[in-house]
Amino acid sequence: MVAYVFERFPKFSQTFCYREIAELFRQGIRPAIFSLRGPDRGPETTWDPAIISAVHQLPEGDVFARLADEASASLSKSVRKTLHEWRGKPDSLRLHQATYIGTRLQKLSVRHLHSHFAGMAARTAFWIKKFFGIDYSLTVHANDIFVPAKFEIGLSEILSSASAIIAVSDFAANQLRERFPENASRVHRIYNGIDAAKFQPAQLERPPLILSIGRLISKKGFDVLIDACALLRQRGHGFRCEIIGEGPLFEELQSHIQRQDLREQVHLAGSKTQAEIAARLSKATVLALPCRIDPDGAMDNLPTVVMEAMASVLPVVSTDIGGISEMVRDGETGLLVAQNDPAATANALGQLISDCELAQSFGDRGREHAKEIFSIEKNVRALREFFAM
């Protein structure tokens, strides 16, 4: 039997995790699911009750302390010694979560554990392996490896302990092999997946709709998109631009829109459900996501919305950072421009919103590319091979 441990499940902003679990259920695999923290369901209301009911959320406070102490009482003297030595240290809670989960994994006869992100859940999996001998594999994503948090059990220790390391792009896989050559043989690339059949082909409408989707944070480059829209308007293009998402930069971006006098063209639409996002994709002309690398190294790797746009037969305008070029083939399924370059972004968007035939041809090729390499069924079957190790 296999189990998953998440920091938080389900989490609205991590639909790729939920889709992975849902596809495992569809394939007849029902993993035990442990969530260290409570769910973040966002505006979504269509979570599968069968999946939600399978989630074991760890209790908190005194209840958790009592149950963790009960679990540790049955462990070996050396484990109890480690628990004592870590008392009061930063991140010591991970050890107690490991004892709580590990004793339950043993009762379930779980032989393999999987986690997403080299963060809190992975550090818990590290200690589960130390205390109970249960192997774990790990899917790493973006900032968890590009700008990892500093803990005593850090990225190097987590990767060295994992039986398999799954990167979601060749870019990330190659970077990990270069940075951690001792672990290179255990690094594998499996893309996140989607079910392309759930996305309807976009119907190009007028005026054209430039759609962008993501958390309102710096690395998404929404300020660049707003400046590009100002240039498009100056050049006489008619268009609408809608940015879907929430985040700490909402007020700043709203002010940016006002300063550029774009209130009639650019709209911050807030958070939307998956069904609403799919509906907006079906009405769009192009997806714009001018991602950037932040000064601290934070960046996107494989934005799920790009897959969704391609499945919706949309051309994509983005930048060549992380694994984006593995999704968007420049001049074939979209256009890649330099980061932090509003003029280049405006040029690319202007080309696509004024040439419907080009936009359609990019979109058609993009959907075929998405179906070929981002199939959720195929990619989850590939992942299952590592659960059988």
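Structure's up top.
A brief report on the enclosed structure follows. Everything numeric here is computed off the predicted structure, so don't read it as measured data.

1. Some remarks on the overall build of the chain
When you go through the chain residue by residue, the secondary structure sums to 17 helices and 13 strands. When the 389 residues of the chain are sorted by exposure, 56% land in the buried category. Long-range pairs, those at least 24 residues apart, make up 74% of the contacts in the chain between residues at least 6 apart in sequence. Counting only carbon and sulfur atoms, one obtains 48% of the accessible surface of the chain, whose full area is about 16,400 Å². Each charge class in the chain can be summarised by its mean position, and for the 46 positive and 46 negative side chains these summaries are 6 Å apart.

2. Thoughts on helix α3 (residues 61-73)
The terminal C-alpha atoms of α3 lie 19 Å apart, and with 13 residues this matches the ideal 18 Å at 1.5 Å per residue to within 8%. Those residues of α3 that fall on the buried side of the exposure criterion are Phe 64, Leu 67, Ala 68, Ala 71 and Ser 72. Projected onto a plane normal to the axis of α3, the buried residues spread over an arc of 135° and lie on a single side. Set apart from the buried face of α3 by more than 90 degrees, the exposed residues are Asp 62 and Ala 73. Lining the buried residues of α3 we find α4 (77-85) and α5 (93-107).

3. Some thoughts on the packing of helix α13 (residues 304-311) against helix α16 (residues 356-373)
Between α13 and α16, the least distance of the axes is 7 Å, while the angle of their chain directions is 120°. With respect to each other, α13 and α16 are oriented oblique. Considering the relative orientation of α13 and α16, their crossing is left-handed. Along the contact surface, α13 presents Met 307, Met 310 and Ala 311, while α16 presents Gly 363, Gly 366, Arg 367, His 369 and Ala 370. Among the residues forming the contact of α13 with α16, the class breakdown is 4 nonpolar, 3 polar and 1 charged.

4. Remarks on helix α1 (residues 15-26)
In an α-helix, one full turn covers 3.6 residues, which means residues spaced three or four apart are oriented alike. Helix length check: α1 (12 residues) gives 16 Å between terminal C-alpha atoms against 16 Å at 1.5 Å per residue, within 8%. Of all 12 residues making up α1, 10 are buried, and the element is well covered by its neighbours. For α1, the set of buried residues is Thr 15, Phe 16, Cys 17, Tyr 18, Arg 19, Glu 20, Ile 21, Glu 23, Leu 24 and Phe 25. Directly after α1, the chain includes Gly 28, whose backbone phi takes a positive value near 90°.

5. Some thoughts on the sheet that holds strand β4 (residues 112-116)
Consider a sheet: its strands pair through backbone hydrogen bonds, and that pairing is either parallel or antiparallel. Strand order across the open sheet formed by 7 strands is β3-β2-β1-β4-β5-β6-β7, with parallel pairing between neighbours. Of all strands in the sheet, those bounded by a partner on one side alone are β3 (55-57) and β7 (187-189). Here the strands of the sheet are splayed against their neighbours by 25° on average, with no regard to which way each runs. Relative to β7, strand β6 (residues 164-167) is paired through 3 bridges, and the arrangement is parallel. Across the sheet, residue Ile 165 finds its bridge partner in β7, namely Val 187. Set on the sheet, α1 makes contact with β1 (2-8), β2 (32-37) and β4; between it and β1 the angle comes to about 160°.

6. As for the side chain of His 114
Take His 114: it is sitting in strand β4. You can call His 114 buried: its relative accessible area is 0%. Apart from the residues lying within four places of it in its own chain, the contact partners of His 114 are Ala 3, Tyr 4, Val 5, Glu 20, Ser 137, Leu 138, Thr 139, Ile 166, Leu 383 and Phe 387.

7. Things to note about unusual backbone geometry
Note on backbone geometry: most residues besides glycine have negative phi, and most peptide bonds are trans. Cis geometry marks the peptide bond from Phe 9 to Pro 10; its omega dihedral reads -5°. Relative to the assigned elements, Pro 10 resides in the loop between β1 and α1. One non-glycine residue with positive phi stands out, namely Asp 261, at about 55°. For Asp 261, the location among the structural elements is in the loop between α11 (250-259) and β10 (266-270). Relative accessible area serves as the criterion here: at 44%, Asp 261 is assigned to the partly exposed category. Unlike most non-glycine residues, Val 313 shows phi in positive territory, near 60°.

8. Structural notes on the environment of Val 147
Within the secondary structure, Val 147 is located in the loop between α7 (143-146) and α8 (155-161). In the structure, Val 147 is positioned 89 residues away from Leu 58 in sequence and 28 Å away in space, judged by C-alpha atoms. Apart from the residues within four sequence positions on either side, Val 147 is in contact with Asp 296, Gly 297 and Ala 298.

9. Examining the pairing of β6
The two faces of β6 match: Ala 164 and Ile 166 on one face and Ile 165 and Ala 167 on the other face are all buried. Relative to β6, strand β5 (residues 135-140) runs parallel, the two being bridged by 4 bridges. Opposite Val 140, over in β6, you have Ala 167 as the bridge partner. This β-α-β element, β6 to helix α9 (residues 170-179) to β7, shows right-handed connectivity.

What counts and what doesn't
Residues numbered from 1 in each chain as written. Predicted model: local features only at pLDDT ≥ 70, side-chain atom pairs only at ≥ 80, totals over all residues. Heavy atoms only, no water. Helix = DSSP H or I, 4+ residues; strand = E, 2+ residues; numbered from the N terminus. Buried < 20%, exposed > 50% of the residue type's maximum accessible area, 1.4 Å probe, protein only. Contact = heavy atoms within 4.5 Å. Areas by Shrake-Rupley, 256 points an atom, 1.4 Å probe, with all protein chains shown as cover. Lys, Arg positive; Asp, Glu negative; His and termini not counted. Charge placed at Lys NZ, Arg CZ, Asp CG, Glu CD. Expected span 1.5 Å × (residues − 1). Arc of directions from axis to C-beta. Axes fitted to C-alpha atoms, helices over the stretch in contact; angles between N-to-C directions. Parallel < 35°, antiparallel > 145°, perpendicular 65-115°, else oblique. Left-handed = near helix turned anticlockwise from the far one by under 90°. Nonpolar A, V, L, I, M, F, W, Y, C, P; charged D, E, K, R; others polar. Pairing = 2+ DSSP bridges. Right-handed = clockwise from strand over helix to strand, strands pointing away.

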